[in-house]
Amino acid sequence: MAFEDNVFINCPFDDEYFSLLRPLIFTVVYLGMKPRIALEALDAGEARLDKIVGLIRESKYSIHDLSRIEARTIGELFRLNMPFELGIDFGCRKFGRGDLKNKRSLVLEAERHRYKAALSDLSGMDIEHHDNSPYKVIEIVRNWLKTTCKLQAAGPARISGAFTDFTAANFDDLRGKGFSREDVDNLPIPELIECMESWVSENR
Amino acid sequence: MKKANKHVTPSSSGGWLVRKSGSSRASRTFDTQAEAVSYGRALAKKDGTALYVHGRDGSIKNKMSYQDSTAGQASKKR
């Protein structure tokens, strides 16, 4: 996997966020880039942080979603993994040598300017808010990759339609292979990426 | 020629839309999912295709298949 094609995705891995993660990953795949995600080597036996540092080092591009860092109930701790990994990525770009100096990052938030209250140091970086909308995630990621990577990119509506077509085709394919409806919904992300890459190579 | 399947999905501007596989544009948009499903089901029956109802996260909530349906041939038989 080439450094120039890799997009490190730093986001939460919970059921609630999957509604945004799936279209985000699909957009990256549809535009011919390679999503790199900490879940991709679950059984490698490698320390989580070492794995993440490796992915950051191997990826020219990165997308960090800070929309889920807040604590929502009294007593719940806020989540620090995403800003921590953003910091590693930023440090890699600042202190790294050679290609690492050319790294580019997109930071996502749920609401406009909300990050300023928690992480005001980010001012001046590429920060976009998605309002927790899957379509807006597609639009933002598509627009950022198009500009940053200088890609020939289809419009957000076409990518969104293709995501819908993929979801239906993948549903039929997996059901035909003995997956239950619940199995389909819970397909591990690395396997989902394989399915997306296969579908896109045949249908784009 | 094989007819395109139909999809009911949330619209980015609110409401629900019906679109055909392979199309970037909606066939029609509706205020409610029920209205969109009703229209999509009629289209799928007429064309002898499947209708997929997607949730807000894109996942498949329901699939109605009319691929073996003869409903689309009804008018030709008269």
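- An unreviewed UniProt entry lists chain B under the name DUF2188 domain-containing protein, from Luteibacter yeojuensis.

## Remarks on the nonpolar core
- One finds F26 and L145 of chain A to be the most contacted residues of the largest nonpolar core, which totals 49 residues.
- For this core, the secondary structure elements donating two or more residues are β1 (6-10), α1 (18-30), β3 (61-65), β4 (104-109), α5 (134-149), α6 (156-176) and α8 (189-203) of chain A together with β4 (50-54) of chain B.
- Top contributing element to this core by residue count: α1 of chain A, with nine residues.
- Residues contacting F26 of chain A, with those up to four places away along its chain left out, are I159, A162, F163, F166, M196, W199 and V200 of chain A.
- V8, V18, F30 and A44 of chain B belong to the second-largest nonpolar core, a separate cluster that totals twelve residues.

## Some points on the sheet that holds β1 of chain A
Residues and elements named next belong to chain A.
- Spatially, the five strands line up as an open sheet ordered β2-β1-β3-β4-β5, and their pairing is parallel. Each of the sheet's edge strands pairs with one partner strand only, and the pair in question is β2 (34-37) and β5 (127-129). Here the average twist between neighbouring strands, direction ignored, is 25°.
- With three bridges connecting them, β4 and β5 associate as parallel partners.

## Description of the sheet that holds strand β1 (residues 6-10) of chain B
Residues and elements named next belong to chain B.
- The sheet built from five strands is open, its strands ordered β3-β2-β1-β4-β5 with mixed pairing. The sheet is open, and its two edges are formed by β3 (28-30) and β5 (60-65), each paired on a single side. Across the sheet, the mean angle from the axis of one strand to that of its neighbour is 20°, orientation sign disregarded.
- Here five bridges tie β1 to strand β2 (residues 16-20), and the two strands are oriented antiparallel to one another.

Definitions and limits used
- Residues numbered from 1 in each chain as written.
- Chains lettered and ligands numbered in written order.
- Predicted model: local features only at pLDDT ≥ 70, side-chain atom pairs only at ≥ 80, totals over all residues.
- Heavy atoms only, no water.
- Core = buried A, V, L, I, M, F, W, Y, C linked by side-chain atoms within 4.5 Å.
- Buried < 20%, exposed > 50% of the residue type's maximum accessible area, 1.4 Å probe, protein only.
- Helix = DSSP H or I, 4+ residues; strand = E, 2+ residues; numbered from the N terminus.
- Contact = heavy atoms within 4.5 Å.
- Pairing = 2+ DSSP bridges.
- Axes fitted to C-alpha atoms, helices over the stretch in contact; angles between N-to-C directions.

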